[in-house]
Amino acid sequence: MALTKDSRITLNDGNRMPVIGLGTYAAPDVPRNLGEEATKAAIDLGYRHIDCAYIYGNEAEVGNAIRAKIADGTVKREDIFYTGKLWCTYFSPELVRKGLEKSLKDVGLDYLDLFLMHWPFSLKPSGAENPYDAEQPFAYDNVDFCATWEALEACKDAGLVKSIGVSNFNRRQLERLLNKPGLKYKPVCNQVECHLYLSQSKLHTYCKSKDIVLVAYSVLGSHRDKNWVDLSLPVLLEDPVLNKIAAKYHRSPAEVAMRFILQKGIVVLAKSFSPNRLKQNLGVFEFEIKSEDMKTLESLDKNLHFGPFKEMKQHPEYPFHDEY
Ligand code: NDP
């Protein structure tokens, strides 16, 4: 069946995730109200999946937008699929529920649709209220993510979140979680960096075999926030091969970059705070990339991480030392 903006993928716990989601991360110097306005515009345009996180420092504004769109009758709560993420300073089992409750309070919702462990590694709790103050410098901790997972399972049982999953896990870490004695719920998804320059094909094949959905971030080549991304890396949307194919389909490079991921059966997150681009990006549902062009686009893979989070390289749970 043809993909539309209303298409959803059924997760291994029966909940359904829209195949396209709005990314909401913006650098700390971007005014927070822009995320609020963009979220409202996105919901007006038909986006139903909103990806956010405690560490983005904008859950209050994104939540304001969602609640405003529920209040004005544009959507009902159950139409929206809201993802939050547990930051690495909240991994001690006794802090997990507190982290989730903080997100629920900030976003102003009774439940989250999905809550992810943001990374597989833990950091020492800092106690700071402002997430940006809290995380500098990064102090490694050694909480086993399997223990964090059990606390997340309890949050699902308590009805605070509908689905639970992980982000930035490699295959070995997923396997460890899946083989955890007494596992009650499998992660429904693994949200990872995935785009034309980082195909994640082996991780995708593994996740599919375990009924875990791959969710792609930085599909447009990332936010290029200098705090996280080496700006000497190539600009994905300027890739000449991508641009040639986009011209052939009379589509923007962004639409082709997103469509490529969608056609692989991967859920796409894309961030824009511009109403025009939000609208243009929904054009992904109006065309299909032919198999010969998919092959050409596949050849662009260079295993390039825009956001390798290098500060974590010495952490025993750093996920990117493994091939995948
Ligand atoms: P994306 O790859 O989605 O790219 C965002 C950039 O692309 C912005 O600068 C945006 O600018 C620009 N853009 C959007 N549409 C177009 C277009 N049509 N033409 C040209 N440029 C365009 O960035 P992210 O790395 O932010 O990834 C998306 C989301 O994934 C994040 O916002 C976040 O929700 C999530 N994420 C999760 C991570 C994790 O660890 N789990 C890590 C990183 C991201 P403008 O706003 O001006 O349109």
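Residues numbered from 1 in each chain as written. Predicted model: local features only at pLDDT ≥ 70, side-chain atom pairs only at ≥ 80, totals over all residues. Heavy atoms only, no water.

With respect to the state of the cysteines
Point 1. For the coordinates displayed, the defined rule picks out zero disulfides.
Point 2. Here Cys155 stays unpaired: no disulfide links it, and the sulfur of Cys189, its closest cysteine neighbor, is 16 Å away.
Point 3. Cys189 forms no disulfide, and the closest cysteine sulfur to it belongs to Cys207, at a distance of 9.1 Å.
Point 4. Relative accessible area serves as the criterion here: at 1%, Cys189 is assigned to the buried category. (Disulfide = S-S within 2.5 Å. Buried < 20%, exposed > 50% of the residue type's maximum accessible area, 1.4 Å probe, protein only.)

As for the site of the ligand
Point 1. In the vicinity of the ligand, 27 residues are found, and the nearest of them are Asp51, Ser218, Lys271, Ser272 and Arg277.
Point 2. A distance of 2.7 Å separates an oxygen atom of the ligand from a polar side-chain atom of Ser218.
Point 3. The side chain of Ser272 places a nitrogen or oxygen atom 2.6 Å from an oxygen atom of the ligand.
Point 4. In the complex, the protein chains occlude 86% of the 910 Å² of accessible area that the ligand would expose alone.
Point 5. Broken down by secondary-structure element, the contributors of at least two residues to the shell around the ligand are β10 (267-271) and α10 (275-281).
Point 6. Residue composition of the shell around the ligand, by class: 10 nonpolar, 13 polar and four charged. (Near = heavy atom within 4 Å. Polar contact = N/O pair within 3.5 Å; in protein donor to acceptor, adjacent residues only side chain to side chain. Areas by Shrake-Rupley, 256 points an atom, 1.4 Å probe, with all protein chains shown as cover. Helix = DSSP H or I, 4+ residues; strand = E, 2+ residues; numbered from the N terminus. Nonpolar A, V, L, I, M, F, W, Y, C, P; charged D, E, K, R; others polar.)

Examining empty space enclosed by the protein
Point 1. Taken as a whole and judged by the stated rule, the model has one cavity of 30 Å³ or more.
Point 2. The computed volume of the largest cavity comes to approximately 40 Å³.
Point 3. Along its surface, the largest cavity is lined by Thr24, Ala26, Val30, Pro31, Arg32, Gly35, Asn58 and Phe273.
Point 4. Residue classes in the lining of the largest cavity are distributed as four nonpolar, three polar and one charged. (1 Å grid on protein atoms, 1.4 Å probe; cavity = no way out; pocket = protein on both sides within 12 Å on 5 of 7 lines; lining within 4 Å. Points joined across faces, edges and corners; volume = space filled by probe spheres on them.)

Considering the packing of aromatic side chains
Point 1. Scanning the entire structure with this criterion turns up 12 aromatic pairs.
Point 2. Between Tyr25 and Tyr56, the ring centres sit 5.2 Å apart and the planes meet at 70 degrees, which makes this aromatic pair edge-to-face. Highlighted residues: Tyr25 in the loop between β3 (20-23) and α1 (32-45) and Tyr56 in the loop between β4 (49-51) and α2 (59-71), separated in sequence by 31 residues. Taken individually, Tyr25 and Tyr56 each receive the classification buried, so the pair is uniform in this respect.
Point 3. Centre to centre, the rings of Trp119 and Phe309 are 5.1 Å apart; their planes meet at 70 degrees, and the pair counts as edge-to-face. A residue pair is termed long-range when its members are at least 10 positions apart, and Trp119 in the loop between β6 (112-117) and α4 (131-134) and Phe309 in the segment after α11 (291-298) qualify at 190 residues.
Point 4. Through pairs of rings, three or more aromatic residues link up here, namely Trp119, Phe121, Phe138, Trp228, Phe309, Tyr318 and Phe320.
Point 5. Looking at Lys156, its charged tip hangs above the ring of Tyr185, at a distance of 4.9 Å from the centre.
Point 6. We note Lys162 situated over the ring of Tyr111; from NZ or CZ to the ring centre the distance is 4.5 Å. (Phe/Tyr/Trp six-rings, centres within 6.5 Å; stacked < 30°, edge-to-face > 60°. Lys NZ or Arg CZ within 6 Å of the ring centre and 35° of its normal.)

Section: the pattern of salt bridges
When their charged atoms lie close together, side chains carrying opposite charge are able to pair.
Point 1. In total, this model carries 21 salt bridges according to the counting rule given.
Point 2. Among the ionic pairs, Arg176 bridges to Asp144, the shortest N-O distance being 3.5 Å. With a gap of 32 residues between them, Arg176 in helix α6 (residues 171-178) and Asp144 in the loop between α4 and α5 (145-157) connect regions that are remote in the sequence.
Point 3. On the basis of relative accessible area, Arg176 is assigned to the partly exposed category, the value being 34%.
Point 4. What you see here is one network of salt bridges that share partners, running through Asp44, Lys69 and Asp72. (Salt bridge = Lys/Arg side-chain N within 4 Å of Asp/Glu carboxyl O.)

As for the pairing of β10
For a regular strand, side-chain orientation follows a simple rule: the groups alternate between the two sheet faces.
Point 1. Among the five residues in β10, four count as buried, and that is most of the element.
Point 2. Taken together, the two bridges between strand β9 (residues 213-217) and β10 define a ladder with parallel strand orientation. Note that in β10 the partner of Ala216 across the bridge is Val268. (Pairing = 2+ DSSP bridges.)

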